[in-house]
Amino acid sequence: MLAATKILQRLPFFNRMFGVDAEDGLQEINSWPALMIASSFIWLAVAGLLGVAMPLIQRFDLGSELFYMALTAHGAALAFPFSFQLMAGISLHRAGGCVGKPITGVLPALIFICMNLGAALLTVAILLGFSVSLVVMYPLPVVGVANGQWSFNTLVLGFTGIALVLTMMIYLYPVQLLKMMFFGKKREDLILSERTLDDPGMLGMVIAALVLIVMGTPLMIIASYVLVALYGIIPLDVVAWATKPVVFQFAFFTFAHNLMEAMALMVISGIYATLPLYLADGTRELYSKRLANAALWILLITSFSSFFHHFITLLPNLPASLAYHGNIMSWGTGIGAALSIFTILATIWKHGLRKEPGIMIALMGFVIYVMDGASALVTSNVAWSFQLHGTMWQSGHTMTVLIAMSMMWIGVLYHHYPVLTGRTLSAKQGNWFMVLFTAGALGAGLVMLAGGAAGMPRRFADWAQGGWAVYGDLILVTGLLMAVGLIILAANFMKSRKLDEVPGSASAPEAAE
Amino acid sequence: MLESFYLTGWGAFGMMLFMLVPFMAVFFYVVISKSYGDSSPSKAPQSSFVKMERAWIGLVIVVFVAVNIASIDFMPTTATAKAMASGEKLTEVSFTAESWSYDITETKIEVGKPIRFSGKSLDTMHGFAVYHPDGKVLFTMMLMPGLEGPTSLVHTFKDAGTYTVRCLEYCGNSHHEMRDELVVVAAGS
Ligand code: HEM
Ligand SMILES: [Cu+2]
């Protein structure tokens with residue numbers, strides 16, 4: 001039995017939700033992904049509560065330090081060990097079943113350990129006061145030590161955690177994916193639904209893995225130097241070049257921006273792969289592979305240099321010409337999105353759609369994703385950036401894009417679930433989750449964007465200061481809708497039924513290939 | 001009209017809705033009518049799909065280009081470049097930011113005079129956002145420590161009143177208390 005299967009069996013509640021069948025011969029593609037998915041939901045449960053806590057902390061004046069702590073823990077946990085780990089689990093599972101390669105050995109174990117141990121260390125640091133927000137705002141971690149906000153040891157702990165998480169995202173996970181795509185022997189017994197790179201759904205995964213490695217490496221180099229210096233192994237002045245804020249910031253945002261684009265490529269390719277399986281006429285084909293692939297390539301090329309939009313307000317330290325470049329490239333990604341929209345709608349129009357909760361959830365995630373895209377384009381325009389940068393608009397954008405991608409993955413997970421666990425989910429509860437979570441996510445997104453439009457600052461412990469408290473209350477209400485949706489989802493996983501106990505579902509595993 | 005579109009957060013919100021609402025209407029129509037409604041395959045010929053595809057991509061490109069070109073006149077980058085090129089005398093207002101306050105050389109400003117704001121951060125990342133007395137953000141600047149030159153832009157105030165300065169780059173536990181004021185007075189007073 002694989003280590004992952006054993007760990008899963010010891011997890012209370014979550015074993016009920018994601019435990020795999022050790023006897024079905026598919027453990028080698030099921031276990032590690034299932035464990036990653038289970039852990040991602042554990043992080044979601046904790047960090048989602050912190051989301052709801054934030055408006056309450058402000059309402060009841062529980063203190064700004066508590067607010068910033070909750071904010072940092074919420075953002076970091078939901079971006080990395082939740083969203084990214086969820087994606088890693090489902091995409092590895094998909095890759096395994098498509099190319100017939102096992103997900104076993106040291107690498108998957110390292111992926112799991114680096115992400116969860118790293119995030120846990122960072123969380124401990126945050127609880128010790130390391131409130132730097134999920135983007136660390138370099139050089140804030142160092143300045144905070146100098147002006148007594150947290151200790152040097154806390155900083156070292158936090159950075160160690162971040163380094164582990166980055167190692168997982170930039171190297172271990174992409175390498176595992178590429179290894180499965182290009183190396184090793186195909187095992188017929190593990191193939192669930194064979195696909196090749198010719199398929200847009202597979203192409204997107206490979207591009208995304210490459211983007212992570214290429215765009216992450218500069219940050220990895222800089223972060224490693226800084227970390228080694230923090231450990232006292234090399235003197236700090238040797239790494240002076242790496243600790244310059246401008247160097248760190250640019251390396252950070254080239255990665256952070258492309259990380260989001262890579263995650264988008266990954267999930268859009270997941271949709272491209274899943275949608276055809278739910279067409280009413282059984283065609284199993286996208287409207288146009290050519291258009292689908294074009295969307296992926298446009299997204300890839302425009303995303304490389306659109307990260308300049310993070311620095312538009314640095315004028316003239318970011319020359320105006322680069323600000324315009326970032327503006328144009330960002331809207332270029334919008335063209336890619338427009339092609340995806342057309343591909344999806346034309347596919348559905350042409351072939352009709354089966355109303356299964358999995359695909360519906362994924363499509364609602366796509367709607368939220370488009371809302372996020374619209375908000376992202378607007379704030380990348382140079383004129384609007386000067387009014388929106390640093391406002392709640394930006395938080396709305398960050399949070400919405402992650403929610404959208406996670407929701408699409410949850411839709412895809414719905415599809416994988418019978419193979420992963422040998423159990424089946426209720427359609428009724430799936431629909432309730434879809435309705436509540438979509439309403440909550442669209443609502444929270446719109447409220448945060450509106451707050452930003454009204455000048456409400458992001459990461460700000462005093463919403464009452466400019467009369468923005470009402471937006472905070474609305475975030476609470478919409479957040480609760482999401483929370484109820486997620487509780488229903490959890491109940492659905494808990495009460496999932498064995499495939500062979502469900503009348504008429506004997507064919508489910510094939511339907512869910 | 002265009003000014004309140006490009007120079008307010010609500011204009012931005014409007015633009016976002018302009019993209020979102022029609023999309024949602026079409027998306028829900030297609031998804032619902034093709035799943036809950038009649039899910040049989042469409043009989044429309046391939047050529048009509050291709051026509052739609054071209055029209056849609058054309059529309060998107062036209063809207064994207066138009067919105068961005070029309071925005072050029074409203075960019076602070078443009079206003080700054082114009083003011084610098086005009087040879088007009090600029091009033092200099094410099095400031096430094098340090099956790100968690102500002103040090104501003106001149107906080108009394110006249111309506112109608114082009115002001116060049118130039119600022120540096122002495123410790124970590126900070127922002128310098130100027131809020132109109134009615135609560136709207138006029139512009140925000142990002143201050144990154146360790147750079148040689150300051151972040152700077154030229155702005156000309158239209159209304160007299162007390163403007164609030166806030167930091168919009170998260171800078172630690174008292175970030176929300178990092179605040180200052182500018183007093184804008186009528187010309188000649
Ligand atoms: C359960 C309901 C939720 C509520 C009530 C909630 C609330 C909030 C609030 C109040 C903020 C602070 C914004 C700011 O001050 O800048 C925030 C930020 C954020 N949220 Fe949520 N959230 C929820 C769920 C989620 C989910 C499901 C995700 C991701 C999948 C997420 C990801 C984020 C991220 C990445 C940030 C940005 C943190 C930062 O900028 O430092 N949230 N959320
Ligand atoms: Cu500040």
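Before reading on, note that the structure itself is shown above.
Residues numbered from 1 in each chain as written. Chains lettered and ligands numbered in written order. Predicted model: local features only at pLDDT ≥ 70, side-chain atom pairs only at ≥ 80, totals over all residues. Heavy atoms only, no water.

**With respect to the overall build of chain A**
No. 1: Along chain A, the regular secondary structure elements total 18 helices and two strands.
No. 2: Over its C-alpha trace chain A gives a radius of gyration of 22 Å, about what one expects of a compact globule, namely 24 Å for 513 residues.
No. 3: Along the three orthogonal principal directions, the C-alpha set of chain A runs to about 65 × 50 × 45 Å.
No. 4: In chain A, which comprises 513 residues, the proportion classed as buried is 66%.
No. 5: The long-range fraction of contacts in chain A, counting pairs at least 24 apart against all pairs at least 6 apart in sequence, stands at 82%. (Helix = DSSP H or I, 4+ residues; strand = E, 2+ residues; numbered from the N terminus. Rg over C-alpha atoms; globule rule 2.2 N^0.38 Å. Buried < 20%, exposed > 50% of the residue type's maximum accessible area, 1.4 Å probe, protein only. Contact = heavy atoms within 4.5 Å.)

**Considering the coordination of the iron atom of ligand 1**
All names here are of chain A.
No. 1: Taken together, the protein donors to the iron atom of ligand 1 comprise His74 (NE2) and Met399 (SD), at separations of 2.0 to 2.2 Å.
No. 2: Considering all six donor atoms around the iron atom of ligand 1, angles at the metal cover 85 to 179° and the coordination shape is octahedral. Taken together, the residues span a long stretch of sequence, with histidine 74 in helix α4 (residues 64–99) and methionine 399 in helix α15 (residues 392–421) at a distance of 325 residues.
No. 3: A relative accessible area of 12% places histidine 74 in the buried class. (Donors = N, O, S within 2.8 Å, 3.2 Å for Na, K, Ca; no water. Tetrahedral: all angles 85-135°; square planar, octahedral: opposite > 155°, others 65-115°.)

**Brief notes about the coordination of the copper ion (ligand 2)**
Residues and elements named next belong to chain B.
No. 1: Distances from the copper ion (ligand 2) to its protein donors, namely His126 (ND1), Cys167 (SG), Cys171 (SG) and Met178 (SD), fall within the range 2.0 to 2.6 Å.
No. 2: For the copper ion (ligand 2), the four donor atoms are set out with angles of 92 to 129° between them, so the coordination reads as tetrahedral.
No. 3: As a motif over one chain, the donors of the copper ion (ligand 2) read H-x40-C-x3-C-x6-M. Of this pair, histidine 126 sits in strand β5 (residues 126–131) while methionine 178 sits in the loop between β8 (161–166) and β9 (179–185), and the two are 52 residues apart along the sequence. You'll find histidine 126 and methionine 178 in the same group, each marked buried.

**A few points about the pattern of salt bridges**
No. 1: Throughout the structure, instances matching the rule amount to twelve salt bridges over all chains.
No. 2: Residue A:Glu356 pairs with A:Arg354 through a salt bridge whose shortest N-O separation is 3.9 Å.
No. 3: What makes A:Glu356 partly exposed here is its relative accessible area of 33%.
No. 4: Here B:Glu110 ties to B:Lys113 by a salt bridge, and the two come within 3.4 Å at their closest N and O atoms. (Salt bridge = Lys/Arg side-chain N within 4 Å of Asp/Glu carboxyl O.)

**Considerations on a nonpolar patch on the surface**
No. 1: Judged by side-chain polarity, A:Leu56, A:Phe60, A:Leu62 and A:Leu66 come together as a nonpolar surface patch covering roughly 380 Å² of accessible area.
No. 2: Its place among the elements puts A:Phe60 in the loop between α3 (27–59) and α4. (Patch = residues over 30% accessible without salt bridge, like charges linked within 9 Å, V, L, I, M, F, W, Y side chains within 5 Å. Areas by Shrake-Rupley, 256 points an atom, 1.4 Å probe, with all protein chains shown as cover.)

**Quick notes on the interface of chain A and chain B**
No. 1: Contact with chain A, which involves 89 residues of that partner, is made by 80 residues of chain B.
No. 2: Carbon and sulfur atoms supply 71% of the area buried between chain A and chain B, which totals about 7200 Å² over both sides.
No. 3: Taken as a group, A:Trp349, A:Trp384 and A:Gln387 account for 10% of the area that chain A buries against chain B, more than any other trio of residues on that side.
No. 4: In this structure, the connection of chain A to chain B is made through one salt bridge.
No. 5: For B:Glu53, the salt bridge identified is with A:Arg290, shortest N-O distance 3.5 Å.
No. 6: Taken together, the connections running from chain A to chain B amount to 28 residue pairs in polar contact (both at pLDDT 80 or more).
No. 7: Mapped by element, the contributors of at least two residues to the side of chain A that touches chain B are α4, α6 (140–146), α10 (245–274), α11 (289–306), α12 (320–351), α13 (357–380), α14 (382–388) and α16 (427–453) of chain A.
No. 8: Grouping the constituent residues of the side of chain A that touches chain B by class yields 58 nonpolar, 23 polar and eight charged. (Buried area = accessible area lost by both parts, 1.4 Å probe. Polar contact = N/O pair within 3.5 Å; in protein donor to acceptor, adjacent residues only side chain to side chain. Nonpolar A, V, L, I, M, F, W, Y, C, P; charged D, E, K, R; others polar.)

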